[in-house]
Amino acid sequence: MSPKKTEDSPEPEASGSVRLRLARAALEAALDVSGVLDADPGPGRLRVTADPPSGLLVGVSATALPDGRYGVDLSLIAELVSLPELANEVRERVLERARRDRVADFLGSINVEFPYVMTREEVAAAAAQEAERLVSEELGAAVLEAEAEAEARAAREASATAPTEAPDAVAVPRPTAAPAAEGQGAEPGGAASPPSAAVSAIAAQQAAIATDQAALAAKQAALAAEQAALVAGSEVVIRSSTGSAESIEPDGEGPGG
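These lines cover the structure that appears in this document, whether it is placed above or below. (Residues numbered from 1 in each chain as written. Predicted model: local features only at pLDDT ≥ 70, side-chain atom pairs only at ≥ 80, totals over all residues. Heavy atoms only, no water.)

**Section: the side chain of D51**
Among the secondary structure elements, D51 is positioned in strand β2 (residues 48-51). You can call D51 buried: its relative accessible area is 2%. A polar contact is formed between the side chain of D51 and the side chain of R24, at a distance of 2.9 Å. (Helix = DSSP H or I, 4+ residues; strand = E, 2+ residues; numbered from the N terminus. Buried < 20%, exposed > 50% of the residue type's maximum accessible area, 1.4 Å probe, protein only. Polar contact = N/O pair within 3.5 Å; in protein donor to acceptor, adjacent residues only side chain to side chain.)

In structure tokens, the structure reads:
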């Protein structure tokens, strides 16, 4: 396993310094020990060391001691094993790696901490959740960026088409222009000015309305004549029936007299 690293570097320092060489060697050696699952930044993220330009070494810190050496502190996630034995094995591996890298003379104390004891399945699940979180954050950022770009494009298109649409919206009010043209009368030269297209259209509409009104009046007159004829016919029937009744009554009174 390799040490965790991120892009941030809060403590710029030369990557070849003895302090960084010790921290890097100790973390790599600890993660290679069987029973160590991963590294942890520790409480308050105190077990983090800047490693420019690579990023951060998560799970280790190297602190200068009064005698000029460096104390190494490791924060590790362990399996369900004996933690004291695992801590001793980690110390031996770190010391062996420091000797191989020729920095053992600068190595002071080696402190090993186990903030979490987990199974490999739990570590894998946690890593998967972290990966999903990072992917969702990246997708959300991409969606927001796409929406912002679409809004900016729409704003640019609207600003580009605005000048051509403004004159069409301004040239609408014709009713106020027609009376002004009719009230002008004749031109200064004495000749009558020709009617505009709007005036001609209005006159044609008025003529059509007058024609419709005349046709409607003719229909109404025909209906009135038919109604008068019906009334006259009904009066003749009533009168004839009344006269027949009067002619019958004298014949009825003769024998009785």
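**Here's the deal with the pairing of β2**
Of the two faces of β2, the one holding V48 and A50 and the one holding T49 and D51 are both buried throughout. Examined bridge by bridge, β2 and strand β3 (residues 55-58) share four bridges and lie antiparallel to one another. Paired with A50 across the strands is L56, a residue of β3. Following β2, the chain reverses through three residues before pairing antiparallel with β3. (Pairing = 2+ DSSP bridges.)

**Focus: the environment of S136**
You can see S136 is positioned in helix α3 (residues 120-170). Look at S136 and you get partly exposed, because its relative accessible area is 42%. Among the polar contacts listed, one links the side chain of S136 to the backbone oxygen of R133, at a separation of 2.7 Å.

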